[in-house]
Amino acid sequence: MSFSEWDRQCMALALEEAHRAAARGEVPVGAVLARDQNVLANSGNAQIELQDPTAHAEIRVLRDAAVREGNYRLPGTTLYVSLEPCTMCCGALVHARVKTLIFGTREPRSGAVISAAQTLDNPLLNHRVQWQEGLSEAESAALLRAFFKARRSVCQLRVHSTGNAMARSDSGSSVSTSIGGARRSSGRVCSFNIPS
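What you see is a predicted model; the values in this text were computed from it and never measured. (Residues numbered from 1 in each chain as written. Predicted model: local features only at pLDDT ≥ 70, side-chain atom pairs only at ≥ 80, totals over all residues. Heavy atoms only, no water.)

Draft legend 1. Layout of the overall build of the protein chain. A count of helical and extended segments in the protein chain gives five helices and 10 strands. By residue count, 44% of the 196 residues in the protein chain fall in the buried class. When the accessible surface of the protein chain is totalled, it reaches about 10,200 Å², and 50% of it is carbon and sulfur. (Helix = DSSP H or I, 4+ residues; strand = E, 2+ residues; numbered from the N terminus. Buried < 20%, exposed > 50% of the residue type's maximum accessible area, 1.4 Å probe, protein only. Areas by Shrake-Rupley, 256 points an atom, 1.4 Å probe, with all protein chains shown as cover.)

Draft legend 2. Structural context of the pairing of strand 1 (residues 30-35). Counting buried residues in strand 1 gives six out of six residues, a clear majority hidden from the surface. With burial as the criterion, each face of strand 1 is covered, one bearing Gly 30, Val 32 and Ala 34 and the other bearing Ala 31, Leu 33 and Arg 35. Pairing analysis gives six bridges linking strand 1 to strand 2 (residues 38-44), with the strands arranged antiparallel. The residue of strand 2 that forms the bridge with Ala 31 is Ser 43. Counting the residues that bridge the hairpin from strand 1 to strand 2 gives two residues, and of these Asp 36 lies at a positive phi of roughly 50 degrees. Across four bridges, the pairing between strand 1 and strand 3 (residues 78-83) is antiparallel. (Pairing = 2+ DSSP bridges.)

Draft legend 3. Fine view of the nonpolar core. Residues Leu 33, Leu 62, Leu 79, Leu 93, Val 98, Leu 101 and Leu 120 are the most contacted members of the largest nonpolar core, which totals 29 residues. For this core, the elements supplying multiple residues, two or more each, are strand 1, strand 2, helix 3 (57-69), strand 3, helix 4 (87-96) and strand 4 (100-105). Per-element tally for this core: the top contributor is helix 4, with six residues. Those residues within four positions of Leu 62 in sequence are excluded, and the remaining contacts are Leu 33, Leu 74, Ala 92, Leu 93, Ala 96 and Val 98. Judged by nonpolar contacts, the second largest core, of 11 residues, contains Trp 6, Met 11, Ala 34 and Tyr 80. (Core = buried A, V, L, I, M, F, W, Y, C linked by side-chain atoms within 4.5 Å. Contact = heavy atoms within 4.5 Å.)

Draft legend 4. Expanded view of the environment of Arg 68. Topologically, Arg 68 is positioned in helix 3. Measuring from C-alpha to C-alpha, the distance between Arg 68 and Ala 41 comes to 8.7 Å, with 27 residues separating the pair along the chain. Setting aside anything within four residues of it in sequence, one finds Arg 68 in contact with Leu 40 and Ala 41. A polar side-chain atom of Arg 68 sits 2.6 Å from the main-chain carbonyl oxygen of Leu 40. (Polar contact = N/O pair within 3.5 Å; in protein donor to acceptor, adjacent residues only side chain to side chain.)

Draft legend 5. Summary view of unusual backbone geometry. Positive phi, normally seen in glycine, also occurs at Asp 36, with a value near 50 degrees. A relative accessible area of 64% places Asp 36 in the exposed class. Of note in the backbone geometry, Gln 37 takes a positive phi value of approximately 60 degrees without being a glycine. Given a relative accessible area of 56%, Gln 37 falls into the exposed group.

Next up, the structure:
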């Protein structure tokens, strides 16, 4: 796979957005939408900040660009994102008529391009989004690993015999949550994936 200097610049901007998202306590994913070497929109994840489960970086840039362009269709555009998009985001790319997707690293659990599903390769879709993977893959993956490692170190886990988990943050406050669930504790989100 070959990527242009412009592709590298756009992914670098997406990674800056991912770092900003991490600084806000969001999962560090950043995205950039561009056309003809012009950036139309750039943003990062903001589900916690906006209390919006659809506020993925990809959706945010599509919304911003659509408003700026005065059209919900965004033909001829390329979306750069640090992490493989989920099913929701892949569907939005199709509806917006994005031409190309370039993502950094795979998302093995919910990535809908190649990992958990191959949504964009569905022959029944009325629009086909071309895609490439691997641009700034190592940096994207390292950022995610560092974020989740830091998050795990913030929360210490005690498992009770009732099947519930008790999360204790650095501040000493605690929150009870079911196995695999997540709750907000003192402004921090502690989530756990505990095998049963």
